[in-house]
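A closer look at the structure
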Amino acid sequence: MTKPALNRRPAWQELRPLPFRPCIEVVPGLYQVRTRASRAYLVVDAGITVIDTGAPGSGERILEAVRDIGRSPEDIRDIIITHAHIDHVGGLPELQRWVPARTGIHLAEARDVESDEPLPNPFAHALLARICEPYLLRVDPGPARIDVYLRDGDEFPALGGMRIIHVPGHTPGSIALHFPERGVLIVGDAMQYRFGRLMPPHRLFTRDMAQATASIRRLAELDFDTLCFSHFRPIVRDADLKVREFARSLPA
Ligand SMILES: [Zn+2]
């Protein structure tokens, strides 16, 4: 089945300000933005890197957040997508219509975003996947442009160095972003943080739990103070110790 035609959107200069300001500074130069259905991040230095774009309709919130921190949407140089679930990549087509940023996703999921086909169904459970299929087709964002096919170990200059860590399991091409100079790790959906406890990614939306567990063990080898998620508040101190303890508690 092909995707519905994209709606034409106004240029970002024409957008009205949003009634609430959904942006918080996690550490200097890193901002968390509440998008529709998830959280995006702005990595801010000379240029701006946007990490994830929320569900469809989130583009305006991201641009508002950029203005809120005193910068211009024209400063957005890169967009990095942690994985091709609709609550992370859904705002990408509209954002690309407003800003000409270079966009990257892991090479395992680039075709999912570029293709005219709907995004892959995120439900791991076959019956749920089928029940939700009509809704997902209705809200599918349509194709978007991918300029860079990311691989494990790729590096970007943002905030003194941002390294791509491939963390398959939740999806085949899930990535985390490590900023060793700033002691920050952004894990997307590779982990959850509920009620003050770290947990594996949600079983309902995770393709391969064994692979997801192996990816958490890999993240536990990194050094960082601050840990950021796509659906939860960040852990701002000694986060790597917590992840190591959590990784040790996982079944072998
Ligand atoms: Zn996800």
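Residues numbered from 1 in each chain as written. Predicted model: local features only at pLDDT ≥ 70, side-chain atom pairs only at ≥ 80, totals over all residues. Heavy atoms only, no water.

The chain appears in an unreviewed UniProt entry as Glyoxylase-like metal-dependent hydrolase (Beta-lactamase superfamily II) from Tepidiforma thermophila.

**Points about the pattern of salt bridges**
Where charged atoms of side chains with opposite charge meet at close range, the side chains can pair. Counting across every chain of the model gives 8 salt bridges. When the shortest N-O distance is used, the salt bridge between Arg145 and Asp147 registers 2.8 Å. By relative accessible area, Asp147 is classed as partly exposed at 39%. Between Arg163 and Glu155 there is a salt bridge, and its shortest N-O distance comes to 2.9 Å. You can call Arg163 partly exposed: its relative accessible area is 33%. When salt bridges with common partners are traced through the structure, they connect Asp223, Asp240 and Arg244 into a single cluster. (Salt bridge = Lys/Arg side-chain N within 4 Å of Asp/Glu carboxyl O. Buried < 20%, exposed > 50% of the residue type's maximum accessible area, 1.4 Å probe, protein only.)

**Quick word on the coordination of the zinc ion**
Distances from the zinc ion to its protein donors, namely His83 (NE2), His85 (ND1), His170 (NE2) and Asp189 (OD), fall within the range 2.1 to 2.3 Å. For the zinc ion, the 4 donor atoms in the first shell make angles of 92 to 164° at the metal, so the coordination geometry reads as irregular. All donors of the zinc ion belong to a single chain; written as a sequence motif, their spacing is H-x1-H-x84-H-x18-D. Here His83 is found in the loop between strand S5 (76-80) and helix H2 (86-89), whereas its partner Asp189 is found in the loop between strand S11 (184-186) and strand S12 (192-194), with 106 residues between them in sequence. Of the two residues examined, His83 and Asp189, each falls in the buried class. (Donors = N, O, S within 2.8 Å, 3.2 Å for Na, K, Ca; no water. Tetrahedral: all angles 85-135°; square planar, octahedral: opposite > 155°, others 65-115°. Helix = DSSP H or I, 4+ residues; strand = E, 2+ residues; numbered from the N terminus.)

**Comments concerning the sheet that holds strand S2 (residues 30-34)**
With respect to topology, 7 strands assemble into an open sheet ordered S1-S2-S3-S4-S5-S6-S7, the strand pairing being mixed. Strand pairing shows two members of the sheet lacking a second neighbour, strand S1 (23-27) and strand S7 (148-150), which therefore form its edges. With direction set aside, neighbouring strand axes in the sheet form an average angle of 25°. Note: S1 against S2, 4 bridges, orientation antiparallel. Looking across to S2, one finds that Glu25 is bridged to Tyr31. (Pairing = 2+ DSSP bridges. Axes fitted to C-alpha atoms, helices over the stretch in contact; angles between N-to-C directions.)

**Here we look at the UniProt feature "domain: Metallo-beta-lactamase" (unreviewed entry) in the chain**
Here the UniProt feature "domain: Metallo-beta-lactamase" (unreviewed entry) sits at residues 37-231. For residues 37-231, helix accounts for 26% and strand for 24%, while the C-alpha atoms at its two ends are 8 Å apart. (UniProt positions renumbered as here; feature names shortened; annotations may be inferred.)

**A word on helix H1 (residues 59-68)**
H1 sits mainly inside the fold: 7 of its 10 residues count as buried. Gly59, Arg61, Ile62, Leu63, Glu64, Ala65 and Val66 are the residues of H1 that are buried. Taken together, the buried residues of H1 touch S1, S2, strand S3 (39-44), strand S4 (48-51), S5 and helix H3 (92-98). Remark: Gly70 follows H1 within two positions and exhibits a positive phi of approximately 85°. (Contact = heavy atoms within 4.5 Å.)

**Here we look at the packing of aromatic side chains**
Tallying each qualifying case throughout the model produces 3 aromatic pairs. Between Phe123 and Phe205, the ring centres sit 5.1 Å apart and the planes meet at 45°, which makes this aromatic pair tilted. In this pair, Phe123 is assigned in the loop between helix H4 (110-114) and helix H5 (126-139) and Phe205 in the loop between strand S13 (197-199) and helix H6 (209-219), connecting sequence segments 82 residues apart. Taking relative accessible area as the criterion, Phe205 reaches 28% and is therefore assigned partly exposed. With centroids separated by 5.5 Å and ring planes inclined at 10°, the aromatic side chains of Tyr193 and Phe229 adopt a geometry described as stacked. Of the two residues, Tyr193 is situated in strand S12 and Phe229 in the loop between strand S14 (226-228) and helix H7 (239-249); the sequence distance between them amounts to 36 residues. Of the two residues examined, Tyr193 and Phe229, each falls in the buried class. The structure contains a cluster of three or more aromatic residues connected by ring pairs, namely Tyr193, Phe229 and Phe232. (Phe/Tyr/Trp six-rings, centres within 6.5 Å; stacked < 30°, edge-to-face > 60°.)

**A short note on the layout of surface pockets**
There is about 420 Å³ of room inside the largest pocket. Lining the largest pocket we find 23 residues, and of these His85, Asp87, Asp189, Phe205 and His231 sit closest to its centre. Elements represented by at least two residues in the lining of the largest pocket include exactly H2, H5 and S12. At 3 residues, the largest contribution of residues to the lining of the largest pocket is made by H5. (1 Å grid on protein atoms, 1.4 Å probe; cavity = no way out; pocket = protein on both sides within 12 Å on 5 of 7 lines; lining within 4 Å. Points joined across faces, edges and corners; volume = space filled by probe spheres on them.)

**Points about the pairing of strand S9 (residues 162-166)**
Sheet topology note: the strand S8 (residues 155-156)/S9 ladder contains 2 bridges and is antiparallel. Paired with Phe156 across the two strands is Met162, which belongs to S9. In terms of strand pairing, S9 meets strand S10 (residues 175-179) through 4 bridges, oriented antiparallel. Bridge pairing in S10 places His166 opposite Ile175.

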